[in-house]
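Overview (structure and organization)
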Amino acid sequence: MYRFLLTPRWWGINLFVVLAIPFCVFMGMWQLGRFEDRVQSHEQAEKRPDPSTRAAKPLDELLPVDKVTSGRPAVATGTYADQFLVPGRELDDRRGFYVLNMLRTDSGKALPVVRGWLPGSATGARVPAAPEGEVTVTGDLQASENARSKGVDVRGGLPGGQIGMISAATLVNIVPYDVYDAWVTLPEPEAGGTGGAMKPVPAAAPEGSGLDLKAFQNLGYTGEWFVFAGFVLFMWFRLVRREAEAMRDIALGLVPEDPAAAPEGSTAPETQEARQEAPDDPAAPEASGAPEAARKAPAAP
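Fair warning: this is a prediction, and the values are worked out from it, not measured in the lab. (Residues numbered from 1 in each chain as written. Predicted model: local features only at pLDDT ≥ 70, side-chain atom pairs only at ≥ 80, totals over all residues. Heavy atoms only, no water.)

**Concerning the side chain of Arg-89**
Note the following rule: Comment: elements are numbered from the N terminus, with helices defined as DSSP H or I runs of at least four residues and strands as E runs of at least two. By the criterion applied in these results, polar contacts are pairs of N or O atoms within 3.5 Å in which, for protein atoms, one can donate a hydrogen and the other can accept it, and in which residues neighboring in sequence qualify only through two side-chain atoms. By definition, residues are in contact when any of their heavy atoms lie within 4.5 Å.
Of note, Arg-89 is situated in strand S2 (residues 73-91). Here the side chain of Arg-89 touches Glu-145 through a polar contact of 2.9 Å, side chain to side chain. Within the local environment of Arg-89, its side chain forms a polar contact with the backbone oxygen of Gly-151, the two atoms lying 3.1 Å apart. Excluding residues within four positions of it along the chain, Arg-89 makes contact with Arg-94, Arg-95, Gly-96, Phe-97, Tyr-98, Trp-117, Glu-145, Lys-150, Gly-151, Val-152, Gly-164 and Met-165.

Written out as structure tokens, the structure is:
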């Protein structure tokens with residue numbers, strides 16, 4: 001009854017099932033592994049002390065920024081240079097902008113320093129002037145932003161003096177000097193009163209270290225892949241059962257309700273009977289179709 005599984009058409013179906021189910025299971029396990037990694041990173045981050053409470057270290061000792069050094073206090077000495085405004089940033093459920101200055105260090109590179117946050121629009125805004133001369137700043141270290149970072153504006157077309165992303169890749173095309181692949185945010189207003197009107201920007205948690213929406217997306221994708229695997233197996237059993245029932249009906253001489261459901265190469269019983277009963281001579285008149293008068297007419301002399 002199941003010899004139809006060896007036909008070329010079913011060889012293709014079987015091959016698809018054999019390849020699809022392991023693939024779905026593999027992808028489901030991979031997504032589950034991603035979710036477990038995020039959970040583990042979150043647990044480790046909770047066990048570690050708050051990075052901002054640890055002793056400050058020179059900037060170069062904390063680079064490159066990773067999940068361990070992100071948020072650590074970094075110390076850098078230099079002179080403030082170019083200033084930029086970063087619009088579209090929220091703080092305490094209010095919309096405003098960051099005030100960012102480039103701190104040129106003795107190494108020749110510049111460190112982006114977010115001096116604070118101000119409410120309102122960045123266009124035409126008046127901001128406190130940066131301290132003059134050589135300064136030493138201690139700020140919470142942050143990794144360069146990317147297109148997935150919260151508040152980033154990748155549309156472009158911003159007015160002069162504004163940037164949408166705090167990133168070395170963006171700033172190096174604007175300023176005529178090298179830029180550190182990191183930035184710091186000052187945890188307290190600047191001394192001297194010039195930055196008193198600005199609110200400090202708290203350091204953000206490193207990307208991928210918490211149970212954010214992406215972690216639960218990985219868990220949802222895990223379930224979807226396992227459901228796909230079960231659906232493929234269910235549809236294969238359903239097709240096999242349907243084909244087997246159709247073959248059994250033909251073997252018993254039953255006519256399928258839908259002639260198109262009959263397996264390939266098979267012929268319905270009444271179709272064969274109709275061919276046997278069909279006259280060989282297509283010109284032969286049907287018995288019921290000849291007029292009665294024509295049958296009784298006398299032959300011509």
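**Things to note about the side chain of Asn-14**
Checked against the element boundaries, Asn-14 lands in helix H1 (residues 8-47). Among residues more than four places away in sequence, those in contact with Asn-14 are Leu-5 and Trp-236.

**A closer look at a nonpolar patch on the surface**
For clarity, the cut-off: Surface patches are defined over residues having more than 30% relative accessible area and no salt bridge, joining like charges when they lie within 9 Å and nonpolar side chains (Val, Leu, Ile, Met, Phe, Trp, Tyr) when within 5 Å. Methods summary: accessible areas were calculated by the Shrake-Rupley approach with a probe of 1.4 Å, and residue burial reflects only the protein chains presented. Salt bridges are defined by distance alone: a side-chain nitrogen of Lys or Arg within 4 Å of a carboxyl oxygen of Asp or Glu.
There is a patch of nonpolar side chains on the surface, built from Leu-15, Val-18 and Leu-19 and spanning about 310 Å² of accessible area. By the element assignment, Leu-19 lies in helix H1.

**A short note on the pattern of salt bridges**
Note the threshold: Only protein chains enter the accessibility calculation, which uses a 1.4 Å probe. A residue is then buried if its area is under 20% of the maximum for its type, exposed if over 50%, and partly exposed in between.
If you walk through the whole model with that rule in mind, you get five salt bridges. Among the salt bridges present, the one from Asp-153 reaches Arg-155, with a minimum N-O distance of 3.0 Å. Owing to a relative accessible area of 75%, Arg-155 belongs among the exposed residues under this scheme.

**Comments concerning the environment of Thr-123**
Here Thr-123 lies in the loop between strand S4 (110-119) and strand S5 (134-142). Of the residues examined, Thr-123 reaches a relative accessible area of 55% and is grouped as exposed. The contacts of Thr-123, once residues within four sequence positions are left out, are Pro-159 and Gln-162.

**Side note on unusual backbone geometry**
Residues Leu-63 and Pro-64 are joined by a peptide bond in cis, for which omega reads -5°. The topology assignment puts Pro-64 in the loop between helix H2 (59-62) and S2. Despite not being glycine, Asp-92 has its phi angle at roughly 55°, a positive value. Summarising the element assignment, Asp-92 is placed in the loop between S2 and strand S3 (94-105). We classify Asp-92 as exposed; its relative accessible area is 56%. With a phi angle near 60°, Asp-93 is a residue other than glycine that sits in the positive phi range. Tracing the backbone shows Asp-93 in the loop between S2 and S3.

**A few points about the nonpolar core**
Selection criterion: Here, nonpolar core means buried Ala, Val, Leu, Ile, Met, Phe, Trp, Tyr and Cys residues that are tied together by side-chain atoms lying within 4.5 Å of each other.
Ranked by internal contacts, the top residues of the largest apolar core, which has 18 residues, are Phe-84, Tyr-98, Leu-100, Met-102, Val-114 and Ile-166. Of all elements in the fold, only S2, S3, S4 and helix H3 (168-171) reach the threshold of two or more residues within this core. If we ignore the near neighbours within four places in the chain, the residues touching Leu-100 are Asp-82, Gln-83, Phe-84, Val-86, Pro-112, Val-113, Val-114 and Ile-166. With 16 residues, the next largest nonpolar core counts Leu-62, Ala-76, Leu-103 and Tyr-180 among its residues.

**Regarding the packing of aromatic side chains**
Here is the rule: Note on aromatic contacts: the rings of Phe and Tyr and the six-membered ring of Trp form a pair at centre separations within 6.5 Å, being stacked when their planes are under 30 degrees apart, edge-to-face when over 60 apart, and tilted otherwise.
Evaluation of the coordinates by the stated rule reveals four aromatic pairs. Taking 5.8 Å as the distance between ring centres and 85° as the angle between the ring planes, the aromatic pair formed by Trp-225 and Phe-228 counts as edge-to-face. Residue Trp-225 and its partner Phe-228 are both found in helix H4 (residues 213-251); the two are separated by three residues, about one turn of the helix. By the ring-pair criterion, three or more aromatic residues cluster together here, those being Phe-23, Trp-225 and Phe-228.

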